[in-house]
Amino acid sequence: MNAIITKVFKRAIPKCPHIYNEKCFKMSASYFHTSCKTPKGAPENRGLPPSAFVTKQEKKIYPEVGKISSADIKKSVFISQSNDIFTNLALEDWLYRYFDFRTHHVLLLWVNDPCIVIGRHQNPFMEANISRVGSESVTVARRNSGGGAVYHDRGNLNCTFLTTRERYNRNYNLNILTRALFREWAIKAEINERDDICINDKKLSGTAAKLGFPNAYHHCTLLANTDKSNLDKFLSKEKINYISNSTPSVRSPIKNLREVNRNVNVSQLISAVGYEYLRTLAIHLEDGGHQQIMKQRGFQLINPTEKWFPGINDLRTEFNSWNWIYGKTPKFSVEKELLLKDGDKQYKIILIVVVEKVGARKENLYTIFS
């Protein structure tokens, strides 16, 4: 499968539980970024792969960014063809590092196989039942942004809004999602003070961000029909007392969109969210309708390979490494209460082990203690 695939389309997207290939979509061809000859009146550069829009790695804000109007900014919706968490994290990071967002904003949509994803500054042992996760072949990954731990599966849509640092706007992004839900299914969702999207105080979307220079991204989830039993099973730490300054997750009651409207599925979410993003002006939260959609670069089915994203394999290797997933764990302590008997007497001893670093040796976990 090529990195960018084009097909003749209509408005709706049928159910497709796995890879989102050209058979999953039916839209107008004008909505799709095409590798064919640029049609008359279409935006320039429509046939270039994503790696053509790269920036120099200069850690500064481009002085001209603030002078660019909303009308001069084009948008693309990238749909990852991978369901591998490490590949998708690498794709997201590659775009953040190298893409030029001054006149081209991107919404990356991606779906993963079952996995636990923790924030950059979290302790995996405090966020998940690592023993149970390992025995049931559920992947553990650490992302590059902050925030809490989440569970991903094929019933969960991940959305990453990528822009320059100056145009980072979390409220704009979240309103794209709530507008899409209302336009497509008349679902009324609210944004709370923690920037979660909720229905009746039950959370259906969490949020996190990576702010750098010159680029930034905000990513969040949408629960369509995720397996809620797995959240309780895997996102519950073992019965050991951990003491740490790592960022703790805030547990909240959740709701699947399928519980609100049984017609919701991930494929239709991709369509609804993508269209809402394309029809909204780039800087201001204003609906530009069909005419605004026609000015954009449209939907692109992305196969994140080394050919189209040079260096992505190295990024994936880093995200998949023990040193990143476990070795980045902040210093923590493990406290265990022991009961010892001496004849008729019983003593309670509290054993405290300070873990300075977590490492790997021959696939076995070991710790270096202070």
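The text that follows walks through the structure, step by step, so that each part is easy to find. (Residues numbered from 1 in each chain as written. Predicted model: local features only at pLDDT ≥ 70, side-chain atom pairs only at ≥ 80, totals over all residues. Heavy atoms only, no water.)

### Overview of the packing of helix α1 (residues 85-98) against helix α9 (residues 312-319)
The relative placement of two packed helices comes down to the angle between their axes together with the axis-to-axis distance.
Reasoning step 1: Close contact between α1 and α9 brings their axes to 8 Å; oriented N to C, the two are set at 125 degrees. Classed by the angle they form, the pair α1 and α9 counts as oblique. As for how α1 packs across α9, the hand of that crossing is right-handed. Listed contacts from α9 to F86, T87, L89, A90, L91, D93, W94 and R97 of α1 are I312, L315, R316 and F319.
Reasoning step 2: For the contact of α1 with α9, the per-class residue count stands at eight nonpolar, one polar and three charged. (Axes fitted to C-alpha atoms, helices over the stretch in contact; angles between N-to-C directions. Helix = DSSP H or I, 4+ residues; strand = E, 2+ residues; numbered from the N terminus. Parallel < 35°, antiparallel > 145°, perpendicular 65-115°, else oblique. Left-handed = near helix turned anticlockwise from the far one by under 90°. Contact = heavy atoms within 4.5 Å. Nonpolar A, V, L, I, M, F, W, Y, C, P; charged D, E, K, R; others polar.)

### A look at the pattern of salt bridges
Reasoning step 1: Using the criterion set out here, one finds twelve salt bridges in the structure.
Reasoning step 2: In this structure, the salt-bridge partner of R154 is D113, at a minimum N-O distance of 2.6 Å. Of this pair, R154 sits in the loop between β5 (150-152) and β6 (156-164) while D113 is found in the loop between β2 (104-110) and β3 (115-118), placing the two residues 41 residues apart along the sequence.
Reasoning step 3: Classification of R154 as partly exposed rests on a relative accessible area of 25%.
Reasoning step 4: Of the charged contacts, one joins R279 and D287 as a salt bridge, the two residues approaching to 2.7 Å between their closest N and O atoms.
Reasoning step 5: Among the residues examined, R279 registers a relative accessible area of 18% and is labelled buried.
Reasoning step 6: Each of R183, E276, R279 and D287 takes part in a single network of salt bridges with overlapping partners. (Salt bridge = Lys/Arg side-chain N within 4 Å of Asp/Glu carboxyl O. Buried < 20%, exposed > 50% of the residue type's maximum accessible area, 1.4 Å probe, protein only.)

### A look at unusual backbone geometry
Reasoning step 1: Along the chain, F213 connects to P214 via a cis peptide bond; the corresponding omega equals 5 degrees.
Reasoning step 2: Mapping P214 onto the fold places it in the loop between β10 (207-211) and β11 (215-223).
Reasoning step 3: Residues other than glycine seldom take positive phi values, yet S137 does so here, at roughly 55 degrees.
Reasoning step 4: Look at S137 and you get exposed, because its relative accessible area is 68%.
Reasoning step 5: Although it is not a glycine, N200 sits at a positive phi angle of roughly 55 degrees.
Reasoning step 6: Checked against the element boundaries, N200 lands in the loop between β8 (197-199) and β9 (202-205).

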